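# Remarks on the overall topology
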Amino acid sequence: MRLKNWQLPLALVLFMTGILLMSVLQVLHNQDETPAQEKNHNLVAMIKRQEKELNNLEKSIDTRRVSLDKYQKSLSSGQLETENLQYQLDQLKMLSGVSDVEGPGITVILDDNKKGYEVAKSKNPEANAQDYLIHDKHLLYIVYELRVGGAEAISINKQRITASSDIRCIGTMIQVNTKGLAPPYVINAIGDSSRMASVLENTDSQYNILKMAGYPVQIEKHDKVVIGSYKGSYQFSYAQPKEEQ
Amino acid sequence: MWVPILGLVIGLLIGLVLNIPIPGIYAKYLSIAVLAGLDSAFGGVKSIFDEKFDAGILLTGFFTNTLLAALLAYLGDQLGVDLYLAAVFAFGVRLFQNLAMIRRELLARWSRKRRLAKAKVKGS
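Please read all numbers here as calculations on a predicted model, not as lab measurements.

### Some words on the interface of chain B and chain A
How big an interface is tends to be stated in terms of the accessible area lost upon association of its parts. Each partner contributes to the interface: chain B provides 35 residues, whereas chain A provides 26 residues. Here chain B and chain A share an interface that buries about 2700 Å² over both sides, 84% of which is from carbon and sulfur atoms. Taken as a group, Val-3, Pro-4 and Val-34 of chain B account for 18% of the area that chain B buries against chain A, more than any other trio of residues on that side. Between chain B and chain A we count zero salt bridges in total. Here chain B and chain A share one residue pair in polar contact (both at pLDDT 80 or more) between them. Elements with a minimum of two residues in the side of chain B that touches chain A: helix H1 (2-18), helix H2 (27-49) and helix H3 (55-79) of chain B. The element contributing the most residues to the side of chain B that touches chain A is H2 of chain B, with twelve residues. Looking at the side of chain B that touches chain A, its residues break down into 25 nonpolar, ten polar and no charged.

### Quick word on the environment of Asn-188 of chain A
Residue and element names in this part refer to chain A. Note on placement: Asn-188 falls in strand S7 (residues 185-190). Accessibility expressed as a relative area gives 16% for Asn-188, which makes it buried. It is 8.0 Å that separates the C-alpha atoms of Asn-188 and Asn-157, two residues lying 31 residues apart in sequence. Ignoring sequence-local partners within four residues, the contact set of Asn-188 consists of Ile-106, Thr-107, Ala-153, Ile-154, Ser-155, Val-225, Val-226 and Ile-227. Of note is the side chain of Asn-188, whose polar atom sits 2.9 Å from the side chain of Thr-107.

### A closer look at the sheet that holds strand S5 (residues 173-176) of chain A
Residues and elements named next belong to chain A. Strand order in the open sheet made by the three strands is S4-S5-S6, with antiparallel pairing throughout. Of all strands in the sheet, those bounded by a partner on one side alone are strand S4 (167-170) and strand S6 (179-181). Averaged over all pairs of adjacent strands, the angle between strand axes in this sheet comes to 35°, irrespective of strand direction. Relative to S5, S4 is paired through four bridges, and the arrangement is antiparallel. Residue pairing in the sheet places Cys-169 in a bridge with Ile-174 of S5. Contacts between helix H5 (residues 136-148) and the sheet are confined to S4 and S5, with S4 contributing the most and set at about 170° to the helix.

### Remarks on helix H6 (residues 193-200) of chain A
All names here are of chain A. If you check which residues of H6 are buried, you get Ser-193, Met-196, Ala-197, Val-199 and Leu-200. For H6, the buried positions fall inside an angular range of 160° around the axis, keeping them on one side. On its buried side, H6 packs onto strand S1 (101-110), H5, S7, helix H7 (206-212) and strand S8 (218-227).

### Comments concerning the domain arrangement of chain A
Domain annotation for chain A reports domain 1 (9-77) and domain 2 (98-227). Relative to domain 2 of chain A, the C-alpha centre of domain 1 of chain A lies at a distance of 33 Å.

### Details of the side chain of Arg-160 of chain A
Looking at the secondary structure, you find Arg-160 of chain A in strand S3 (residues 159-160). A distance of 3.2 Å separates a polar atom in the side chain of Arg-160 of chain A from the backbone oxygen of Met-94 of chain A.

### A word on the packing of aromatic side chains
Tallied over the full model, the rule gives three aromatic pairs over all chains. A ring pair is formed by Tyr-117 of chain A and Tyr-132 of chain A, whose centres lie 5.8 Å apart and whose planes are at 45°; its orientation type is tilted. Taken as a pair, Tyr-117 of chain A in helix H4 (residues 114-123) and Tyr-132 of chain A in the loop between H4 and H5 lie far apart in primary sequence, 15 residues in all. Judged by centre distance (5.6 Å) and plane angle (90°), the ring pair of Tyr-29 of chain B and Tyr-74 of chain B falls under edge-to-face. Of this pair, Tyr-29 of chain B sits in helix H2 while Tyr-74 of chain B sits in helix H3, and the two are 45 residues apart along the sequence. Exposure remark for Tyr-29 of chain B: the relative accessible area of 10% places this residue in the buried category. The exposure class assigned to Tyr-74 of chain B is partly exposed, which follows from its relative accessible area of 36%.

Reading the values: rules and limits
- Residues numbered from 1 in each chain as written.
- Chains lettered and ligands numbered in written order.
- Predicted model: local features only at pLDDT ≥ 70, side-chain atom pairs only at ≥ 80, totals over all residues.
- Heavy atoms only, no water.
- Contact = heavy atoms within 4.5 Å.
- Buried area = accessible area lost by both parts, 1.4 Å probe.
- Salt bridge = Lys/Arg side-chain N within 4 Å of Asp/Glu carboxyl O.
- Polar contact = N/O pair within 3.5 Å; in protein donor to acceptor, adjacent residues only side chain to side chain.
- Helix = DSSP H or I, 4+ residues; strand = E, 2+ residues; numbered from the N terminus.
- Nonpolar A, V, L, I, M, F, W, Y, C, P; charged D, E, K, R; others polar.
- Buried < 20%, exposed > 50% of the residue type's maximum accessible area, 1.4 Å probe, protein only.
- Pairing = 2+ DSSP bridges.
- Axes fitted to C-alpha atoms, helices over the stretch in contact; angles between N-to-C directions.
- Arc of directions from axis to C-beta.
- Domains from an automatic or database assignment.
- Phe/Tyr/Trp six-rings, centres within 6.5 Å; stacked < 30°, edge-to-face > 60°.

Laid out in structure tokens, this is it:
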């Protein structure tokens, strides 16, 4: 192809213009990230980092507990008196939730009433989605109903419910043991299956109210339910054992 | 015909790959420079049709226009005068004028060619 005298200079000009145009476009495109979005990104990164840290700490607590167990067992081996103490210790550990437990029990599965919300919305566009979600209070009541039914260990989405566990609403999630949980909520409970189920299915019970309201809820009875230990730690800043007089 | 378009495509690609980091505050001046560059390019195309093309004029025009446009816009900002609007206006008007000229010229050439072809068909 024969080059005409105008082709190369024009190509050069267009080449430079192309570079300039692309650079400007990229700068303006990157600018789309407003300060608020940038802040959000930073916050998300921070939360993720802290969650990771939390996980690592929980793992280290776990390993410490295992090694502590070993020491205690090796100490108590062979001595009747200390064996008795060990038995008591094991009982207390189970009660406080720091050991994994298994046994017969039930699984309660709760989920948001999405279908109900869609139906309600088609009839009345002002229907409030809040009225069709599982809330922290529902979980709280059901945990208490399970305790009424004699549950010996309870967990929600693998979070062990201990004497100091908190169940509360944090925006769009429910937080248990400072862990955010999302639906569906799977509650495991070890205890007398039929007794717990009958308490839950009582007419006035929270479970029954949810069921009547059309939430997708169900109870499953199992011969063996495994409930993991509480991964956090207990800290007593105020309470201390009362000295014997 | 294809060499300038190839130049443009390569330029776009290199700009995309290099990803030159430019602080956001200078983006505005760079936009003016881009406008000046486009103006030069279209001016060059127009001059080809006018058969007045001069590589020297095109190249010097491109560099001085882009640089001066950016500088003047910057100066205007320092003085508190929206001088960049003047640049946008000047380059914009000329861009569209040149575009219109190019379009008309192309159209005229095309219709002339067709008329010639028709005449040939009739003549044969």
